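# Structure at a glance
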Amino acid sequence: MRTDSRLSRMLHVLLHMARHDGPMTSEAIARMLGTNPVVVRRTMAGLRDAGYVRSEKGHGGGWAIAADLEAVSLLDVHRAVGGPRLFAIGNEHPDAACAVEKVVNAAVEDALREAEALLVARLGAVSLAELARSFAPHYTPVS
């Protein structure tokens, strides 16, 4: 199964943007990610709608950070980019008639609920600023 990398890719972009002088074009971001500028614009639109970035048109335009990195969590970014459900596993027959399947479903649902609560809490507790501080001594700007 292919993994959804929108969260990690956009965190990567946002942290580079935070260290970059001036806006970054969709083309420059696309080169950095090895993708198409249209994909970048589509994904960045969710971040813009959430108020985390702004876009400027014309010569010298591009994407720039519009929010305080301390105020934006990894969970905020996940939600802004339209991230998928955190877990893709689940029950085949949620309204099972079989007593055994009901017990299995309940156990799986409980485990998933607990795991998702832990992951949401952790993603919500880590700010972009915290990530930025952790790589600051090793940062190499992109061109």
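Scoring rules and cut-offs
- Residues numbered from 1 in each chain as written.
- Predicted model: local features only at pLDDT ≥ 70, side-chain atom pairs only at ≥ 80, totals over all residues.
- Heavy atoms only, no water.
- Helix = DSSP H or I, 4+ residues; strand = E, 2+ residues; numbered from the N terminus.
- Rg over C-alpha atoms; globule rule 2.2 N^0.38 Å.
- Buried < 20%, exposed > 50% of the residue type's maximum accessible area, 1.4 Å probe, protein only.
- Contact = heavy atoms within 4.5 Å.
- Lys, Arg positive; Asp, Glu negative; His and termini not counted.
- Charge placed at Lys NZ, Arg CZ, Asp CG, Glu CD.
- Core = buried A, V, L, I, M, F, W, Y, C linked by side-chain atoms within 4.5 Å.
- Salt bridge = Lys/Arg side-chain N within 4 Å of Asp/Glu carboxyl O.
- pLDDT = per-residue confidence, 0-100.
- Expected span 1.5 Å × (residues − 1).
- Polar contact = N/O pair within 3.5 Å; in protein donor to acceptor, adjacent residues only side chain to side chain.
- Pairing = 2+ DSSP bridges.

### Quick notes on the overall build of the chain
What the chain contains, in helices and strands, is six helices and two strands. Secondary structure of the chain in N-to-C order comes out as α-α-α-β-β-α-α-α. For the chain, whose C-alpha radius of gyration is 19 Å, the value lies well above the compact-globule estimate of 15 Å for 143 residues. Here the C-alpha coordinates of the chain stretch approximately 65 × 30 × 25 Å along the principal axes. Here the chain holds 143 residues, and the buried ones make up 32% of them. Across the chain, every contact between residues at least 6 apart in sequence was considered, and the portion connecting residues at least 24 apart equals 63%. If you average the places of the 16 positive and of the 16 negative side-chain charges in the chain, the two averages end up 8 Å apart.

### Section: the nonpolar core
Of all hydrophobic cores here, the largest spans 30 residues; its most connected members are Met17, Ile29, Met44, Leu47 and Val77. Those elements that provide at least two residues to this core are helix 1 (6–19), helix 2 (26–33), helix 3 (37–49), strand 2 (62–65), helix 4 (74–80) and helix 6 (128–135). Ranked by residue count, the leading element in this core is helix 1, at seven residues. Setting aside residues no more than four positions away along its own chain, isoleucine 29 makes contact with Val13, Met17, Met24, Val40, Met44 and Trp63.

### Considerations on the pattern of salt bridges
Following the criterion strictly, the structure yields five salt bridges and no others. The closest approach of N and O atoms between arginine 54 and glutamate 56, which form a salt bridge, is 3.1 Å.

### A short note on the confidence of the model for the chain
Put simply, the chain has an average pLDDT of 88, and 92% of its residues get 70 or more. Here helix 6 stands out as the least confident element of the chain, with mean pLDDT 89; helix 4 is the most confident, with 95.

### As for helix 3
With 13 residues, helix 3 should cover 18 Å at 1.5 Å per step; its first-to-last C-alpha distance of 18 Å lies within 8% of that length. Among the residues of helix 3, Val40, Thr43, Met44, Ala45, Gly46 and Leu47 are the ones counted as buried. Looking at the packing, one finds that the buried side of helix 3 touches helix 1, helix 2, strand 1 (53–56), strand 2 and helix 4. Two to three positions downstream of the cap, the backbone nitrogen of valine 38 sits 2.7 Å from a side-chain oxygen, assigning the N-cap of helix 3 to asparagine 36. Trailing helix 3 by a residue or two, glycine 51 shows a phi angle of about 90 degrees, which is positive.

### Examining the pairing of strand 1
Alignment of strand 1 against strand 2, held across four bridges, turns out to be antiparallel. Bridging from a neighbouring strand, serine 55 pairs with tryptophan 63 of strand 2. Linkage of strand 1 to strand 2, two consecutive antiparallel strands, is achieved through a turn of five residues, within which glycine 58 is found at a positive phi near 85 degrees.

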